[in-house]
Every structure is written in structure tokens, then in C-alpha cells.
Amino acid sequence: MRVLAIDHGTKRMGIALSDPSGTVATPLEYIPAEPFAPFLARLKELIREKEVELILVGMPRNMDGSYGPAAAKVQEFVAVLKENIAVPIQTWDERLTSAQANRFLLQADVRRKDRKEKVDKAAAAILLQSFLDSRSL
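Calculation rules
Sequence positions are assigned chain by chain, starting from 1 and proceeding in written order. At least 70 in pLDDT is required for a residue's local features to be given in this predicted model, at least 80 for side-chain atom pairs to be given and counted, and no such filter applies to totals for whole chains, interfaces and linings, which use all residues. In computing side-chain values, all of the structure's heavy atoms are included and hydrogens and water are not. Secondary structure is summarised from DSSP: a helix means a run of H or I of at least four residues, a strand means a run of E of at least two, and numbering begins at the N terminus for each. One less than the residue count of a helix, multiplied by 1.5 Å, gives the span that helix is expected to have. In this scheme, a residue with accessible area under 20% of its type's maximum is buried, one over 50% is exposed, and one in between is partly exposed, where area comes from a 1.4 Å probe on protein chains only. Throughout, the arc means the angular range of directions from the helix axis out to the C-beta atoms. Only heavy atoms matter for contacts: two residues are in contact if any of them lie within 4.5 Å across the pair. Side-chain rings of Phe, Tyr and Trp (the six-membered ring for Trp) are treated as a pair once their centres are within 6.5 Å; stacked means planes under 30 degrees apart, edge-to-face means over 60, and tilted covers the remaining angles.

1. Concerning helix α2 (residues 69-84)
Phase 1 of the analysis: The terminal C-alpha atoms of α2 lie 23 Å apart, and with 16 residues this matches the ideal 22 Å at 1.5 Å per residue to within 8%.
Phase 2 of the analysis: For α2, the complete set of buried residues consists of Ala71, Val74, Phe77, Val78 and Leu81. Along α2, the residues classed as buried sweep out an arc of 115° about the axis, all on the same side. Opposite the buried face of α2, at more than 90 degrees from it, the exposed residues are Pro69, Glu76 and Glu83.

2. Section: the environment of Phe39
Phase 1 of the analysis: Within the secondary structure layout, Phe39 lies in helix α1 (residues 36-50).
Phase 2 of the analysis: On the basis of relative accessibility, which here comes to 1%, the residue Phe39 falls in the buried class.
Phase 3 of the analysis: Distance from Phe39 to Met13, taken between C-alpha atoms, is 8.6 Å for residues 26 residues apart in sequence.
Phase 4 of the analysis: Not counting the four nearest positions on each side in its chain, Phe39 is found in contact with Ile6, Met13, Ile31, Pro32, Ala33, Phe77 and Leu81.

3. Focus on the packing of aromatic side chains
Phase 1 of the analysis: Using the criterion set out here, one finds four aromatic pairs in the structure.
Phase 2 of the analysis: Pairing Phe36 with Phe77 gives two aromatic rings, centres 6.4 Å apart and planes at 90°, and the pair type is edge-to-face. A residue pair is termed long-range when its members are at least 10 positions apart, and Phe36 in helix α1 and Phe77 in helix α2 qualify at 41 residues.
Phase 3 of the analysis: Seen in terms of ring centroids, Phe39 and Phe77 are 5.8 Å apart; in terms of plane orientation they differ by 50°. Their pairing is tilted.

Structure representation (C-alpha cells):
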């Protein structure tokens, strides 16, 4: 099953995609969050092109597991997606994915300017790999 993950952000949405067997996550791209109509059009295009069967959206949680204001924004985003996309949508805990992505890109010696462009899709890939790994246990 091919899964597409979205790391929700106010400026950019990081996108990652699993391989057809649903085993390995790969960073794909980032899409500007605004304006929303072009974002939605690109997302629909990816779903069609890549034959996506499930969309996974990162759900921000506080370290104690509670939900904060960012989670409410993601819930609104998911509600709008469900109105516009027929593919099933699921949320997944994204605690520390952006921090992990930044750390990984720093260790890989990626320049600051390039890190800014890559961190969102890397965070989406970390989120997706976490989900894929949990299913194979």
C-alpha cells in the first residue's frame, strides 16, 4: 500500500511517499501552504500520479501527549482535506520529527539555506517511516 505523508506547516507542507510495498519512506517535495487551492491541486495530482491509498498527516502533540493550538489547526486542515479528497486520511504523532530532521540535515552537513528547503520533506519522511515501522511490528 502506497502512503503519502504530510508534515503540516503554516508556510510549507512537507511531503513524503512510501515505496509501493509500504516499507520505506522517501522525502518527495514541499508544497507552499498558501494559497490553499494550488496546494490542494498539487496534492491531488500526486495522489493520482503515485497511486496513493492512504494519506498520513502529522499531528503535533506536546511532550506530555496533550494537544495544543497547533493540533487544532491540523484537525481543521484534515477536515478540509476529507471534504476534498476521497483517499482515507489518518493522523500520526509527529513529536520531534522536525527536530530530528534538522539534526539529520546538520549531521549531513547541509547548508543552512538548503536545510530550510529540505527540513519539511525530511520531517514528513521521518513521520512516515515511524508509521510504516509500527505496522511491521
